[in-house]
Amino acid sequence: MTATEEKKTTGNSGGSGAEANPKPSPSWRGFRRFVRGRFDLSEDKASEREVIENIRKGIEFKGTNLWVLVFATFIASLGLNVNSTAVIIGAMLISPLMGPIMGIGLSVGINDFELMKRSLRNFGFMVLVSIATSTFYFVISPLSNAQSELLARTVPTTYDVLIALFGGLAGIVAQSRKDRTSTVIPGVAIATALMPPLCTAGFGLATLQFKYFIGAFYLFFINTVFIAIATYMVVRFLKYEKHSFLDSKKERKVRRSMVLIVLVTLIPSVVIGYRIVKRSV
């Protein structure tokens, strides 16, 4: 075969390869651009520093934040005690519980150990204050019957996992916007229901009904873990700058701990949810 024929043959084979892998049509490319534009989060996006500083401010529990937490706990306990949904919703709207939980997710997302330690310390203090306040209320309350609103917080399921995850995603997306006056964050506070489970745990301690305490605290733990995971997911999706790890072993240890906590939280809720669905069907 001559050199000219070889070139022709090569050219023909290249042409058939191009035909085998045709380019996307203009209409398909236009559709993809349309969808990407609709779901783009860059519009009205606040700066990374602004979002981080805003979450940092909500982590500390002292002064005003601490008093609001105590009052919100009393209101939620009263609502559970008299079985008033409206009162419970009001308590969820004013409680400042989301701050440290978002702080935990953010700290894992940007590898900020100082922020993680502050968030965990304030989170633990917040839980202790809330449970102590609700326990005190239920000890002195003349009403000791478990009403339906209270009982609803004692059997967590897989659905609570999904509510916490999608609620947390909505919350951190709203937090990353310049305009934070929308109803998203108050809505997330109601949907994920952080305050009522803590008050129900206080009821369990006050009345020595530890199955209520365990069920309610597990529900609160589910909400906490999956709101933090949702925050981590959005922070990584938005590509926030990571702090460099000096110790790679420490980084791997944090990642493993995160996966273990998720599994320990998720598995019991899946089992309980399966049983409830099976019984309902």
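Just so it is clear, the structure is predicted and the values come from calculations on it, not from any experiment.

1. Here's the deal with the environment of G103
Here is step 1: Looking at where G103 falls in the secondary structure, it is placed in helix α6 (residues 98-110).
Here is step 2: Residue G103 is classed as buried on the basis of its relative accessible area, which comes to 0%.
Here is step 3: Expressed as a C-alpha distance, the spacing of G103 and M116, which sit 13 residues apart in the sequence, is 6.9 Å.
Here is step 4: G103 has contacts with I55, I59, L115 and S119, leaving out every residue within four places of it along the chain.

2. Structural notes on the nonpolar core
Here is step 1: Counting residues in each nonpolar core, the largest one holds 46 residues, and the members touching the most others are L106, M126 and Y240.
Here is step 2: Looking at this core, the elements with two or more residues in it are α3 (48-57), α4 (64-82), α5 (85-94), α6, α7 (113-140), α11 (195-206) and α12 (210-237).
Here is step 3: If near-sequence neighbours (up to four positions away) are discounted, L106 is found in contact with I52, I55, L115, T231, V235 and Y240.
Here is step 4: One finds V161, V225, F226 and I229 within the second-largest nonpolar core, a separate group that totals 9 residues.

3. Focus: the packing of α4 against α5
Here is step 1: Packing of α4 against α5 brings their axes to within 8 Å, and their N-to-C directions diverge by 165°. Comparing their axes, α5 and α4 come out roughly antiparallel. In the packing of α4 onto α5, the handedness of the crossing is left-handed. Contacts from V68, A72, I75, A76, G79 and L80 of α4 reach α5 at V87, I88, A91 and I94.
Here is step 2: Considered class by class, the residues forming the contact of α4 with α5 number 9 nonpolar, 1 polar and no charged.

Rules used throughout
- Residues numbered from 1 in each chain as written.
- Predicted model: local features only at pLDDT ≥ 70, side-chain atom pairs only at ≥ 80, totals over all residues.
- Heavy atoms only, no water.
- Helix = DSSP H or I, 4+ residues; strand = E, 2+ residues; numbered from the N terminus.
- Buried < 20%, exposed > 50% of the residue type's maximum accessible area, 1.4 Å probe, protein only.
- Contact = heavy atoms within 4.5 Å.
- Core = buried A, V, L, I, M, F, W, Y, C linked by side-chain atoms within 4.5 Å.
- Axes fitted to C-alpha atoms, helices over the stretch in contact; angles between N-to-C directions.
- Parallel < 35°, antiparallel > 145°, perpendicular 65-115°, else oblique.
- Left-handed = near helix turned anticlockwise from the far one by under 90°.
- Nonpolar A, V, L, I, M, F, W, Y, C, P; charged D, E, K, R; others polar.

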